[in-house]
Amino acid sequence: MNKKLLIGIKKCLETSLIDINNLNDCINKNCWYDIVEYLIKDISQAIKIENIKNK
């Protein structure tokens, strides 16, 4: 995996969390927020693995 790509995706997802949080009437708001948080955690782990591989 490309570390820069992972970091870019993570930043986009973090921005998405802000956008989701600002939604006023979305039935699945909490569900989407949780999904994006899990994606960020998974990508953060992938970045850590890439850092270890590249040492």
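Because the structure is predicted, anything quoted here is derived from the model rather than measured.

Attention now goes to helix H2 (residues 29–53). At 3.6 residues per turn, the α-helix brings residues three or four places apart onto the same side. With 25 residues, H2 should cover 36 Å at 1.5 Å per step; its first-to-last C-alpha distance of 36 Å lies within 8% of that length. For H2, the complete set of buried residues consists of Val-36, Ile-40, Ile-43, Ser-44, Ile-47 and Glu-50. Next to the buried residues of H2 lie helix H1 (3–21).

The next thing to look at is the environment of Ile-9. Note that Ile-9 resides in helix H1. On the basis of relative accessibility, which here comes to 36%, the residue Ile-9 falls in the partly exposed class. For Ile-9 and Lys-55, which are 46 residues apart along the polypeptide, the C-alpha to C-alpha distance reads 22 Å.

This part takes up H1. Here H1 contains 19 residues, and its C-alpha end-to-end distance of 27 Å stays within 8% of the 27 Å for a straight helix at 1.5 Å per residue. Of all the residues in H1, the buried ones are Leu-6, Leu-13, Leu-17 and Ile-20. All buried residues of H1 project into a common sector of 70° when viewed along the axis, lining one side. Exposed and facing more than 90 degrees away from the buried side of H1 are Lys-4, Lys-11, Cys-12 and Ile-18. Check the buried side of H1 and you find it contacts H2.

On to the nonpolar core, then. Leu-6, Leu-13, Leu-17, Ile-20, Val-36, Ile-40, Ile-43 and Ile-47 together form the largest nonpolar core, which totals eight residues. If you list the elements that add at least two residues to this core, you get H1 and H2. The contact partners of Ile-47, leaving out residues within four places of it in the chain, are Lys-3, Leu-6, Ile-7 and Lys-10.

Okay, the packing of H1 against H2 next. Where H1 contacts H2, the axes come no closer than 9 Å and their chain directions differ by 160°. The pairing of H1 with H2 is recorded here as roughly antiparallel in orientation. Classified by chirality, the crossing of H2 by H1 is left-handed. Grouping the amino acids of the contact of H1 with H2 by side-chain chemistry returns 14 nonpolar, three polar and six charged.

Cut-offs applied
- Residues numbered from 1 in each chain as written.
- Predicted model: local features only at pLDDT ≥ 70, side-chain atom pairs only at ≥ 80, totals over all residues.
- Heavy atoms only, no water.
- Helix = DSSP H or I, 4+ residues; strand = E, 2+ residues; numbered from the N terminus.
- Expected span 1.5 Å × (residues − 1).
- Buried < 20%, exposed > 50% of the residue type's maximum accessible area, 1.4 Å probe, protein only.
- Contact = heavy atoms within 4.5 Å.
- Arc of directions from axis to C-beta.
- Core = buried A, V, L, I, M, F, W, Y, C linked by side-chain atoms within 4.5 Å.
- Axes fitted to C-alpha atoms, helices over the stretch in contact; angles between N-to-C directions.
- Parallel < 35°, antiparallel > 145°, perpendicular 65-115°, else oblique.
- Left-handed = near helix turned anticlockwise from the far one by under 90°.
- Nonpolar A, V, L, I, M, F, W, Y, C, P; charged D, E, K, R; others polar.

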